[in-house]
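Overview (structure and organization)
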Amino acid sequence: MYQRPRRNRKSQAIRNMVEENKLSIHDFIYPLFVTENSDDKIPISSMPNCFRWGRELILKEIESCVALGIENFVLFPAVDDAKKDEVASYSYASDNFYLDVIRSIKERFPQVSLMSDVAMDPYSSDGHDGLVKNGEILNDPTLPILAKMSVAQAQAGIDIIGPSDMMDGRIGYIREALDDEGFTNTSIMSYSAKYASAYYGPFRDALDSAPKSGDKKTYQMNPANKREAILEAMLDAEQGADFLMVKPALAYLDVIHVLKENFTLPITAYNVSGEYAMIHAAAEKGWLNYNDVMLETLLSIKRAGADAILTYFAKDAARILR
Ligand code: PBG
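Some thoughts on empty space enclosed by the protein
By the definition in use, this model includes three cavities of 30 Å³ or more. The calculated volume of the largest cavity comes to roughly 130 Å³. Around the largest cavity, the lining is made up of 18 residues, and of these Asp-121, Lys-194, Phe-203, Lys-216 and Lys-247 lie nearest the centre. Among the secondary structure elements, those contributing two or more residues to the lining of the largest cavity are strand 9 (187-194) and helix 6 (201-207). The element that contributes the greatest number of residues to the lining of the largest cavity is helix 6, accounting for three residues.

See below:
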């Protein structure tokens, strides 16, 4: 027997030497939920160790993440029902607390990279990512709203705009609006292949953002489709996206892989709330080892081709990787 692959596994030193993929703290983008009330720290029952952070406490939370070496964040607003309407007008209002939070984080921590959420659902009384008329989610009339939201976030100092809405043509529309206002250096991370997934359940609990009627299947992708992800990514790349995202991650590792093979832009993956909740639940029951399964899961997403991972595990993983 000439070929003995086990020779390259015989010691930790050799295993380390031939390791093909390595997780790094720099791979992580940490999602954080923010609320308007300064001192809030509201637990999210289906997402252990995740909170809705008040506008003061979020600064402390970011400080503790920075101390662990985490430097990329994505922020999601939890908006009072009273501020929601059919056209999501609060999303770009000058007194919007989310924009305030962006400004205060960038002031205190100019070195961190902040990504936003662009979609109507946190601000919409219908709970959909686009404008709703007679039960239909309208595409083109939604685009100016997304553009206004994006420009307001750019003005507040956001580094990366994150359109999560899956409307057609939004990347080009937003790119043009940003450029027209002089924000040529503001990046766009497109949720390019975002599937209509049951794995978003805990997130919708976190933000009270579930659709009031119907589902998101006319804009989010069918979980059965892979080639369609290439079409979506192609359109986003043509329209000026700086990063292409696949979401969710775990049940879509093949999609991450196929985009990595076909595009030169960085590929990112969103390790979503349901994926986080599953591992926590099994670990709580003593059925899985939390740290080991977490790291193996993140590594699998990287091995599939993700250059960066949006993950609620960022802090726990950073503590181990340090
Ligand atoms: C909505 C949005 C969702 C997530 C991020 N942005 C949910 C949805 O599309 O209903 C899900 C994130 C997660 O589950 O962790 N614009």
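As for a nonpolar patch on the surface
A cluster of nonpolar side chains, Leu-231, Met-234 and Leu-235, forms an exposed patch at the surface whose accessible area comes to about 240 Å². Locating Leu-235 in the fold gives a position in helix 7 (residues 227-238). The exposure class assigned to Leu-235 is partly exposed, which follows from its relative accessible area of 32%.

Observations concerning the site of the ligand
Taken together, 17 residues surround the ligand, and among them Arg-204, Lys-216, Lys-247, Ser-273 and Tyr-312 come closest. Contact distances for the ligand include 2.6 Å between an oxygen atom and a side-chain N or O atom of Arg-204. Between the ligand and Lys-247 there is a distance of 3.4 Å, counted from a nitrogen atom to a side-chain nitrogen or oxygen. Notes on the ligand: free accessible area 400 Å², of which the protein chains cover 100%. Placement of the ligand is best described as lying within the largest cavity. Of the residues in the shell around the ligand, the class split is eight nonpolar, three polar and six charged.

A few points about the nonpolar core
Core analysis: the largest hydrophobic core is formed by 108 residues, its most contacted members being Phe-33, Ile-58, Phe-73, Leu-75, Ile-105, Ile-256 and Tyr-270. No other element matches the nine residues that helix 4 (residues 143-156) contributes to this core. With residues up to four places along the chain from it excluded, the contact list for Ile-58 reads Leu-32, Phe-33, Val-34, Trp-53, Leu-75, Val-101 and Ile-105.

What counts, and at which threshold
Residues numbered from 1 in each chain as written. Predicted model: local features only at pLDDT ≥ 70, side-chain atom pairs only at ≥ 80, totals over all residues. Heavy atoms only, no water. 1 Å grid on protein atoms, 1.4 Å probe; cavity = no way out; pocket = protein on both sides within 12 Å on 5 of 7 lines; lining within 4 Å. Points joined across faces, edges and corners; volume = space filled by probe spheres on them. Helix = DSSP H or I, 4+ residues; strand = E, 2+ residues; numbered from the N terminus. Patch = residues over 30% accessible without salt bridge, like charges linked within 9 Å, V, L, I, M, F, W, Y side chains within 5 Å. Areas by Shrake-Rupley, 256 points an atom, 1.4 Å probe, with all protein chains shown as cover. Salt bridge = Lys/Arg side-chain N within 4 Å of Asp/Glu carboxyl O. Buried < 20%, exposed > 50% of the residue type's maximum accessible area, 1.4 Å probe, protein only. Near = heavy atom within 4 Å. Polar contact = N/O pair within 3.5 Å; in protein donor to acceptor, adjacent residues only side chain to side chain. Sits in = over half its atoms within 2 Å of the grid points. Nonpolar A, V, L, I, M, F, W, Y, C, P; charged D, E, K, R; others polar. Core = buried A, V, L, I, M, F, W, Y, C linked by side-chain atoms within 4.5 Å. Contact = heavy atoms within 4.5 Å.

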